[in-house]
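Read off the chains here:
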Amino acid sequence: MIIGSAVCECIIYDAHSLKEKRAVLQRIISRLKQKYNISVSEVDYQDVWQRTKIAIVAVTSNRVSTEQELQSALKLIDSFPEIERTITDIDWL
């Protein structure tokens, strides 16, 4: 069993309130959960309008599958024009 986590900081340039930020995040997080077998959560900057930190965790039977799941999730985040991923750290357990 391999556990992989990706923690990424992101900027949401067009968010001018926490309500706008949460609308963008909710759409992205729900799409990630629907499409991939992962857990996702906002883990930092909850009270900052244009910044967020998202944690993604995947558990599979081998490292290749875990890596594919995490990379696919990160690509999906990158496909949203309203959010920019800046710093991403991937860890293995």
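It should be emphasised that the depicted structure is a prediction, and the values quoted were computed from it without experimental measurement.

A few points about the sheet that holds strand β4 (residues 84-92)
For step 1, the next point in the chain: Reading across the sheet, the four strands line up as β2-β3-β1-β4 and stay open at both edges, with antiparallel pairing between neighbours. Each having just a single partner strand, β2 (39-44) and β4 make up the two edges of the open sheet. In this sheet, neighbouring strand axes are inclined to one another by 20 degrees on average, regardless of whether the strands run parallel or antiparallel.
For step 2, the next point in the chain: Across eight bridges, strand β1 (residues 2-11) lies against β4 in antiparallel orientation. Considered in β4, the bridge of E9 is made with I87.

What to know about the pattern of salt bridges
For step 1, the next point in the chain: Applying the stated criterion across every chain yields a total of five salt bridges.
For step 2, the next point in the chain: A salt bridge links K21 to E42; its shortest N-O distance comes to 2.9 Å. Residue K21 is located in helix α1 (residues 18-35), and its partner E42 is located in strand β2; the two are separated by 21 residues in the primary sequence.
For step 3, the next point in the chain: Residue K21 is classed as buried on the basis of its relative accessible area of 0%.
For step 4, the next point in the chain: The class of E42 is buried, set by a relative accessible area of 18%.
For step 5, the next point in the chain: The structure contains a network of salt bridges with shared partners spanning E9, R51 and K53.

Concerning a nonpolar patch on the surface
For step 1, the next point in the chain: Judged by side-chain polarity, M1, V57 and V59 come together as a nonpolar surface patch covering roughly 290 Å² of accessible area.
For step 2, the next point in the chain: Along the chain, V57 turns up in strand β3 (residues 51-60).

Quick look at the pairing of β3
For step 1, the next point in the chain: Note: β1 against β3, 10 bridges, orientation antiparallel. Residue pairing for β3: C10 is matched across the bridge by T52.
For step 2, the next point in the chain: As paired elements, β2 and β3 share five bridges and run antiparallel to each other. Within the sheet, the bridge partner assigned to D44 lies in β3 and is K53.
For step 3, the next point in the chain: Where β2 hands over to β3, the hairpin turn is made up of six residues, of which Y45 adopts a positive phi near 65 degrees.

A short note on the nonpolar core
For step 1, the next point in the chain: L32, I38, I54, I56, I77 and I83 are the most contacted members of the largest nonpolar core, which totals 23 residues.
For step 2, the next point in the chain: Apart from residues lying up to four places away in sequence, I77 is in contact with C8, I28, L32, I56 and I83.

What counts, and where the lines are drawn
Residues numbered from 1 in each chain as written. Predicted model: local features only at pLDDT ≥ 70, side-chain atom pairs only at ≥ 80, totals over all residues. Heavy atoms only, no water. Pairing = 2+ DSSP bridges. Helix = DSSP H or I, 4+ residues; strand = E, 2+ residues; numbered from the N terminus. Axes fitted to C-alpha atoms, helices over the stretch in contact; angles between N-to-C directions. Salt bridge = Lys/Arg side-chain N within 4 Å of Asp/Glu carboxyl O. Buried < 20%, exposed > 50% of the residue type's maximum accessible area, 1.4 Å probe, protein only. Patch = residues over 30% accessible without salt bridge, like charges linked within 9 Å, V, L, I, M, F, W, Y side chains within 5 Å. Areas by Shrake-Rupley, 256 points an atom, 1.4 Å probe, with all protein chains shown as cover. Core = buried A, V, L, I, M, F, W, Y, C linked by side-chain atoms within 4.5 Å. Contact = heavy atoms within 4.5 Å.

Remember that the coordinates give geometry; whether it matters functionally is a separate question.
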